[in-house]
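Remarks on the overall topology
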Amino acid sequence: MTLKFEKSFTQQEPISEKAIARVVEILRTGRLHRYNTTPGETAEAALLEEDYARYQGSRHCLACASGGYALHVAMRSAGLKPGDKVLANAWTLAPVPGAIHNAGGVPVFVEIDENWHIDPQDLQARAEASGARFLMLSHMRGHIGDMEAIANLCDRYGITMIEDCAHTMGARFKGRRSGRFGRVAAFSAQTYKHLNSGEGGLLTTDDPDLAARAVVMSGSYMLYARHGAAPDEEVFRRIRLDTPNYSGRMDNVRAAILRVQLEGLDENIRRWNARWHILAQGLRPAGLDVPERAAHEDFVGSSIQFHARGIGDIPAFVASCAARGVELKWFGADEPQGFTSRFDSWRYLGETADLPRTRAVLATTLDMRVPLTFEEEDCRTIARIIAEEAASHAGKARA
Ligand SMILES: Cc1ncc(COP(=O)(O)O)c(C=O)c1O
């Protein structure tokens, strides 16, 4: 009988009873808005900012409506003006170019390498050619490039680095947390990320002026004193009348869910990585290329990517895996499907350079989510199905 996998690739773990209890407590007060506090009370959103700043090792944190919103505000509060160029690795998901566009920036896409990192040589060439003063570095699918080389290059060219850590929350590079290399970082708490409040975003920085601008932009009215991990009052007084309100606050219910989940994040990272390694070990012997990760990259294996080379018709391979219950996403298709859009599908950006290397890398790139509702045994089953289908398709390709 053909082995089939039955579980859903989009099912996350339930919200814990502890988080539910805290949410119910907040619901009973009716004070869901972060500035709706009684005298002496600290809102849950402010407590989350303190907790997350501590976790991240950052001086400041802003809780907001979504990861894409945090990216937008990160760029604006870092000083991006309409028409400014923004270097960005070409392989990312649609909210990233969307956030650049929303902030008035003009993306200058940079090639990626075989391991899905930004290509430092191409970054240097495009930094020189464009004169861009911003880099939006998206650690796409959790792959962290050579952060020291990238940070040095940014210093040399006077480029402000903004890190998109939607897929690297909790990860480290040489012991330092992802998000601690740029001037500002953005995280997402949308359902499929490492914390799940349905929607949500976190912005972290050590820069007090940037943090104050971000808080006011997020829609603080003049109630910025009710933020956690925020700069001093005098910083706000300096910037508050020159900073617009682009409302995008987080509410106390989401904050309550996230505070409880944050306590379990490191343990969940261990669970993701155990699953990732089982999958990698199962796929490699089948000739599927799961590149080795650098020893100093403490990544989070919440998804896995591999190159499917020598198996001929990739859409047919993906369809065969799907027929056996295994959902793979292919980033090489000309037409975007679900979240797999490519740099050449963001037509609203106007004319952008073609990137043949990125296109070639994505032509063989397959991607799979690893929800924690999968047990380790499930990962063995999935790897077996993929490996069998790869062998069968490779056989057909050779015939
Ligand atoms: C790489 C990347 N960056 C940013 C975001 C934006 O996060 P959100 O969905 O919370 O706006 C996402 C979410 O899909 C993402 O995958």
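Small disclaimer: the values here were computed from a predicted structure and weren't measured.

**What to know about the overall build of the chain**
Helix and strand counts for the chain come out as 13 helices and 13 strands. Taken over C-alpha atoms, the radius of gyration comes to 22 Å for the chain, in line with the 21 Å a tight globule of 399 residues would show. Principal axes of the C-alpha set define a box for the chain whose edges measure 75 × 55 × 35 Å. Within the chain, contacts between residues separated by at least 24 positions form 74% of all contacts whose residues are at least 6 apart in sequence.

**Observations regarding the domain arrangement of the chain**
According to the domain assignment, the chain consists of domain 1 (17-263) and domain 2 (265-398). On a C-alpha basis, the centres of domain 1 and domain 2 stand 27 Å from each other. Contacts between domain 1 and domain 2 engage 27 residues on the former and 28 residues on the latter. Of all the elements in the fold, those that place two or more residues in the side of domain 1 that touches domain 2 are α4 (95-102), β3 (106-110), β6 (172-173) and α9 (252-263).

**Comments concerning the site of the ligand**
Taken together, 15 residues form the shell around the ligand, and within it Ser 66, Gly 67, Gly 68, Ala 166 and Ser 188 come nearest. Mapped by element, the contributors of at least two residues to the shell around the ligand are α3 (67-77) and α4. Residue composition of the shell around the ligand, by class: five nonpolar, nine polar and one charged.

**Notes on the pairing of strand β13 (residues 365-369)**
Bridge count between strand β11 (residues 303-307) and β13: five bridges; the pairing is antiparallel. Bridge assignment links Ser 303 to a residue of β13, and that residue is Arg 369. Here strand β12 (residues 329-330) pairs with β13 via two bridges, running antiparallel. In the sheet register, Lys 329 faces β13, and the bridge partner there is Asp 367.

**Side note on the packing of helix α11 (residues 314-323) against helix α13 (residues 376-398)**
Their axes nearest at 10 Å, the elements α11 and α13 cross at an angle of 140°. The pairing of α11 with α13 is recorded here as oblique in orientation. The two elements α11 and α13 cross, and the hand of that crossing is right-handed. Note on element contacts: α13 touches α11 through Ile 385, Ile 386, Glu 389, Ala 390 and His 393, opposite Ala 316, Phe 317, Ser 320 and Cys 321. Looking at side-chain class alone, the contact of α11 with α13 contains six nonpolar, two polar and one charged residues.

**Focus: the sheet that holds β13**
With antiparallel pairing, three strands are arranged side by side in an open sheet as β11-β13-β12. The sheet terminates laterally at β11 and β12, the two strands that pair on one side only.

**Here's the deal with the nonpolar core**
Formed by 114 residues in total, the largest nonpolar core has its most connected members in Ala 70, Ala 74, Met 75, Leu 87, Phe 134, Ile 162 and Leu 203. Residue contributions to this core peak at seven residues, all from helix α7 (residues 208-217). Counting contributing residues per domain, this core is built from domain 1 (17-263) and domain 2 (265-398), each supplying no fewer than three. For Ile 162, the contacting residues outside a window of four places in its chain are Ala 74, Met 75, Ala 78, Phe 134, Leu 135, Met 136, Leu 137, Gly 182, Arg 183 and Val 184.

**A few points about the environment of Asn 102**
Along the polypeptide, Asn 102 turns up in helix α4. Looking at Asn 102, the number of C-beta atoms within 10 Å reads 17, which means it is partly exposed. Separated by 38 residues in the primary sequence, Asn 102 and Cys 64 have C-alpha atoms spaced 16 Å apart.

**Structural notes on the sheet that holds strand β10 (residues 297-298)**
One open sheet holds the three strands; their spatial order is β7-β6-β10, and the pairing between them is antiparallel. Each edge of the open sheet carries a strand with a single partner, namely β7 (176-177) and β10. Judged from the two bridges that link them, β6 and β7 form a sheet pairing that is antiparallel. From the neighbouring strand, Phe 173 faces β7, where its bridge partner is Arg 176.

**Considerations on helix α12 (residues 356-363)**
Looking at α12, one finds that the buried residues are Thr 358, Val 361 and Leu 362. With its buried residues spanning 95° around the axis, α12 presents them on a single face. Structurally, α12 contributes buried residues whose contacts are with β13.

**Structural notes on α13**
Compared with an ideal rise of 1.5 Å per residue, which puts 23 residues at 33 Å, α13 spans 33 Å between its outermost C-alpha atoms and is within 8% of the ideal. Considering only its buried residues, α13 is in contact with α10 (265-283) and α11.

**Details of the environment of His 277**
Tracing the chain through its elements places His 277 in helix α10. In this structure the C-alpha to C-alpha distance between His 277 and Cys 379, which are 102 residues apart in sequence, comes to 9.3 Å.

**What about unusual backbone geometry?**
Of note in the backbone geometry, Lys 174 takes a positive phi value of approximately 50° without being a glycine. If you trace the backbone, Lys 174 turns up in the loop between β6 and β7. Unusually for a residue other than glycine, Tyr 221 sits at a positive phi of about 50°. On the secondary structure map, Tyr 221 appears in the loop between α7 and α8 (233-239). By the C-beta count within 10 Å, which is 11 here, Tyr 221 ends up exposed.

Rules behind the numbers
- Residues numbered from 1 in each chain as written.
- Predicted model: local features only at pLDDT ≥ 70, side-chain atom pairs only at ≥ 80, totals over all residues.
- Helix = DSSP H or I, 4+ residues; strand = E, 2+ residues; numbered from the N terminus.
- Rg over C-alpha atoms; globule rule 2.2 N^0.38 Å.
- Contact = placed C-beta atoms within 7 Å.
- Domains from an automatic or database assignment.
- Near = placed C-beta within 6 Å.
- Nonpolar A, V, L, I, M, F, W, Y, C, P; charged D, E, K, R; others polar.
- Pairing = 2+ DSSP bridges.
- Axes fitted to C-alpha atoms, helices over the stretch in contact; angles between N-to-C directions.
- Parallel < 35°, antiparallel > 145°, perpendicular 65-115°, else oblique.
- Left-handed = near helix turned anticlockwise from the far one by under 90°.
- Core = buried A, V, L, I, M, F, W, Y, C linked by C-beta atoms within 7 Å.
- Buried ≥ 20, exposed ≤ 12 C-beta atoms within 10 Å, placed from the backbone.
- Arc of directions from axis to C-beta.
- Expected span 1.5 Å × (residues − 1).

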